[in-house]
Amino acid sequence: MKHRIKLRVNGQDFEAIVNPKTTLVDLLRDKLGLTGTNKGCGTGECGACTVLMNGSAVNSCLVLAVDAEGAEITTIEGLAHEGHLHPLQQAFVDEGAVQCGFCTPGMILVAKDFLDKNPHPQEEDYKTAISGNLCRCTGYIKIIKAIKRVAESER
Amino acid sequence: MSDKKKYSNIGRSVPRLDAVDKVTGKAVYPQDINLPGMLYGKILWSKHPHAKILEIDTTEAEKLPGVEAIITAKDMPPTKLGFSQDNPPLKGDKVRSLRDEVAAIAAVDEDTAERALELIKVKYKALPAVFDPEEAMKDGAPQIHAEAEGNQNKLHYAFEYGDVNAAKAESDVVVKHRFKLPWVKHCCLAPYSCVASWDGTGKLTMYSPTQIPFLYQRDLANILQIPPSMIRVIQPKIGGAFGSKLDLYPNEVICAVLARKSGRPVMLTYTREEEFKCTPSRQPVIVDIEMGAKKDGTLTFRDVFFILDNGAYTSWGATIPYVLMHSITSLYKCRNIRFDTAIIYTNNIYSGAMRGYGNPQGTFVVERMMDILAEKLGMDALELRLKNCNQPGETTPQGLKITTCGLRECLETVAKRLDWRRKRNQRQKQSGPILHGIGLASFIHVGGGARVYRSDGCGAIVKLDDYGHVTLITGSTEIGTGSETGLAQITAEELGVRTEDVTVINNDTAIKPWDVGIHASRTTFIAGNAARQAAAKVKAKILKTAAELLDEPEDQLDINDRKVYSKRNPEKTSEIGKVIRRAHFREHGETFMAEAFYDPPTEMEDKEYRGNISVTYGFGTQGADVEVDTETGQVRIVKMVIANDVGRAINPVLVEGQLEGGLSMGIGYALLEKLVVEKGEIINPSFLDYKMPTAKDMPPAEIVLVETDDPGGPFGAKGCGEAGTIPTAAAIGNAVANALGFHLFELPMQPEVVLSAIKAQRDKRG
């Protein structure tokens, strides 16, 4: 049985026909061509596929597409505004928080969720916030530096 | 440093060239490719760790709608893969591990391919299997390869220098221990993915994350029985490598054969579970090591025997003694060395290359033993190291010629930042459940290429367009380290332009010149020298033309910030673009391009494993400040300190990134990571059960870049891509021993291991 779903992705309305077991990450990547959402494990353990669903970070591999019916989704492609990088994107570039880049979109989106909800984070909050997102390249040090820079500049 | 000022691009932390694409989701990884008509491949893995294949029946699978191709060993040429040519891409007569490829399917989608896999019927006759290399070495052990008697790999690395027996007899102190180190995984965030596409003329394009595009092209052609020039390798963005893509593996061959048989492009992407179970890993080792010293701390000898679990097939993993031997023969001065190996086939997954290439294992045993030796000598562990410290001008027993060497500065810097003299002997004063300890460890590693292959070269082409924009076409590969940005900085510096003026092309064998591959921390050094040489050639040509234009002698001209200027008449200047256009659009016009191939002045190791395989060597020290909770066995790292001789930091932030990332991998090796392999099966094939460091596992880290300005390096740089990961586990191990007052000989030092060691120690003391 296929399902017709409607959802809003990066400010644009979409309709898609999906299998009941299709996940949100596969819908975004395969049907909508939004390959900035990376699939690192498919089981919710690495965070590479993080997107914002109704403003909150989710592992899009753990969300069924049918459960995204009516939802507002932001992927990494939807973060830059009118050709300007989002401050988190700019900070990741400037601070050297990017290496192979596969975890980067998920990291930036989980950081956005974190800062949206915690405008004045404490030191240890940063690590907790991104501890569900794995990175093998950077040792997380420059990622935290980048997120901190944005938090402090908005203070 | 004052000499930094003379550079306008070198030593600056410019952002990576590919960073914006990576933060906006525009970077294209292999799994993002979608070609018209593309099919999806899946591999059927063995059900047994060791068995005869009696029959493979694909009839039912073929009937499933959407299945476009099924292949078995019958569809493969007889050629085998790997360093010892012992690995058929699809296994026909026998399987030797649970990760063995038995059949493969291409279908319209992954679900269909997976369903079809279940319909393939394979009849096996199980054979006795062996999983412990020491068991596999015994008489009567199941033989895994007919041609490998006693399961001994024909690769054998043995080295001898001086007179070990005499040195042993003359030593005042001798220590001997056995160490065991585990299987660990690269954990690239992107699962392995490749795409194969054949065109109408029989040419194959592979979209591959390979680290060795040109050797890959040759090996793939060999197995597909077509000329190498019929294969084009395009490397999309690579989502982590760390040595895991250093060989041609069966999955890529299978992908190409599925595409050939189906007549359609095929993508083959591993699941995370396959990534854990089926890709080669850092190999476990059992090491017997004996070391001695005179009363004054002079090192007398090292006698070392490594048993390496090769697994079922031979990839680069079996060759790691070529590099790990350096830590045995050349880290600190020691003039009597015996090193031997047994590389043993088992029915486990097979071993491959991983960041540091055996050196994390070699360094761990040597540096742990340095502390044990110091303890027995009643000498401070730092003093022992400083007494035997490597230095410039030294030729080590293996023939490594040390040019620049910042080891002493690294040791002293780390010790100072750890507050060594005060904190090292704090244990005696401790009480309560939390014990504090500090420790340090150093390494030596190739830093100027590594001649592990006939050529250690890399080609470069530097081209300027009519507007003065520069394109560097380099043979080297970008795997995430940021080397391409460093290469752009080197090219810009040599030419007198800005880094942002340089575009780097580095991912297509149809365009780029030859390179042996990205490994051995060699890219900035080797590809950097190649780029610099090509840039120098173009620059000379520009100056020649500008001499006419400005009516100045060539030798009075130079380029700075995109302008040619006269050194004696600084008011005489011309934009590079203007010079180029003038030369281009005239009678007998010319354009501006030059190429260079840099193959370093090094030698392969000879039959006795002597040889200077690198132009220069990297050194560094890491220090660990730890707390051990004696009630839980938990080791908490309070802080880490890294001092690393990088020659010259072309881009300090990128260099720090390499060291920090390497550090996290080293911390995983020390405390967290272990593939649990039971009867050939990996029972923790997920990030939930295999614990790689998260942000919460990372301690504060202080990083000091020591610049020794290496005369062989591009603007003084040495390689350091692997550096961060090599001494970490040894440093932490030494700190834990300092806290506990006794020694652990295995990794990882997970809480249960530490706790049971504490209990055993208490029982021993009664």
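About the cut-offs
- Residues numbered from 1 in each chain as written.
- Chains lettered and ligands numbered in written order.
- Predicted model: local features only at pLDDT ≥ 70, side-chain atom pairs only at ≥ 80, totals over all residues.
- Helix = DSSP H or I, 4+ residues; strand = E, 2+ residues; numbered from the N terminus.
- Rg over C-alpha atoms; globule rule 2.2 N^0.38 Å.
- Buried ≥ 20, exposed ≤ 12 C-beta atoms within 10 Å, placed from the backbone.
- Contact = placed C-beta atoms within 7 Å.
- Pairing = 2+ DSSP bridges.
- Right-handed = clockwise from strand over helix to strand, strands pointing away.
- Axes fitted to C-alpha atoms, helices over the stretch in contact; angles between N-to-C directions.
- Parallel < 35°, antiparallel > 145°, perpendicular 65-115°, else oblique.
- Left-handed = near helix turned anticlockwise from the far one by under 90°.
- Nonpolar A, V, L, I, M, F, W, Y, C, P; charged D, E, K, R; others polar.
- Domains from an automatic or database assignment.

Draft legend 1. Broad picture of the overall build of chain A. Within chain A, the regular secondary structure consists of 5 helices and 5 strands. Ordered by position from the N terminus, the helices and strands of chain A form the series β-β-α-β-β-β-α-α-α-α. Its C-alpha atoms give chain A a radius of gyration of 15 Å, within 12% of the compact-globule value 15 Å for 155 residues. For chain A, the spread of C-alpha atoms along the principal axes amounts to about 50 × 30 × 25 Å. Counting only residues that meet the buried cut, chain A has 56% of its 155 residues in that class. For chain A, contacts bridging at least 24 residues in sequence account for 57% of all contacts bridging at least 6.

Draft legend 2. Summary view of the pairing of strand E10 (residues 204-207) of chain B. All names here are of chain B. Here E10 shows a buried face lined by Leu204 and Met206 and a second buried face lined by Thr205 and Tyr207. The pairing of strand E9 (residues 193-198) with E10 spans 4 bridges and is classified as antiparallel. Within E10, the position partnered with Trp198 by the bridge is Leu204. In terms of strand pairing, E10 meets strand E11 (residues 231-234) through 4 bridges, oriented parallel. Bridge pairing in E11 places Met206 opposite Val233. With helix H6 (residues 213-224) bridging E10 and its parallel neighbour E11, the resulting β-α-β unit is right-handed.

Draft legend 3. Region of interest: the packing of helix H17 (residues 652-672) of chain B against helix H18 (residues 728-740) of chain B. Residues and elements named next belong to chain B. Interhelical geometry of H17 versus H18 gives an angle of 50° and a closest axis separation of 8 Å. The pairing of H17 with H18 is recorded here as oblique in orientation. Of the two possible hands of crossing, H17 and H18 adopt the one that is right-handed. Residue-level inspection shows Leu663, Gly666, Ile667, Tyr669, Ala670 and Leu671 of H17 in contact with H18, the latter providing Thr728, Ala729, Ile732 and Gly733. Along the lines of polarity and charge, the residues of the contact of H17 with H18 split into 7 nonpolar, 3 polar and no charged.

Draft legend 4. Expanded view of the domain arrangement of chain A. All names here are of chain A. Along its sequence, chain A is organised into domain 1 (3-78) and domain 2 (87-153). In this structure, domain 1 and domain 2 have C-alpha centres spaced 21 Å apart. Contact with domain 1, which involves 15 residues of that partner, is made by 13 residues of domain 2. Where the side of domain 1 that touches domain 2 is concerned, the elements lending two or more residues are strand E3 (50-53) and strand E4 (56-59). Ranked by residue count, the leading element in the side of domain 1 that touches domain 2 is E3, at 3 residues. Taken together, the residues of the side of domain 1 that touches domain 2 break down into 7 nonpolar, 8 polar and no charged.

Draft legend 5. Structural view of the interface of chain B and chain A. Chain B puts 45 residues into the contact, and the matching count from chain A is 44 residues. Here the side of chain B that touches chain A gets 7 residues from one element, more than from any other, and that element is H17(B).

Draft legend 6. How the structure looks around the domain arrangement of chain B. Residues and elements named next belong to chain B. The domains assigned to chain B are domain 1 (33-127 + 190-239 + 245-278), domain 2 (285-450 + 605-765) and domain 3 (457-598). On a C-alpha basis, the centroid separation for the pair domain 2 and domain 3 is 39 Å. Contacts between the two partners involve 24 residues from domain 2 and, on the opposite side, 17 residues from domain 3. For the side of domain 2 that touches domain 3, the elements supplying multiple residues, two or more each, are strand E16 (434-446) and H17. Across the side of domain 2 that touches domain 3, the residue classes break down as 11 nonpolar, 11 polar and 2 charged.

Draft legend 7. Structural context of the sheet that holds strand E7 (residues 159-161) of chain B. Residues and elements named next belong to chain B. Spatially, E7-E15-E14-E13-E8 is the arrangement adopted by the 5 strands of the open sheet, whose pairing is mixed. Each edge of the open sheet carries a strand with a single partner, namely E7 and strand E8 (173-181). Neighbour to neighbour, the strand axes of the sheet diverge by 10° on average, direction disregarded. Its contacts with the sheet put helix H9 (residues 321-330) on E7, strand E14 (299-311) and strand E15 (337-345), and the angle it makes with E15 is roughly 150°.

Draft legend 8. Spatial organisation of the packing of helix H15 (residues 523-550) of chain B against helix H16 (residues 576-584) of chain B. Residue and element names in this part refer to chain B. Look at H15 against H16: their axes get within 10 Å of each other, and the N-to-C directions meet at 85°. The pairing of H15 with H16 is recorded here as roughly perpendicular in orientation. Mapping the contact onto sequence places Ile542, Thr545, Ala546 and Leu549 in H15 and Ile576, Val579, Arg582 and Ala583 in H16. Class assignment of the residues belonging to the contact of H15 with H16 gives a composition of 6 nonpolar, 1 polar and 1 charged.

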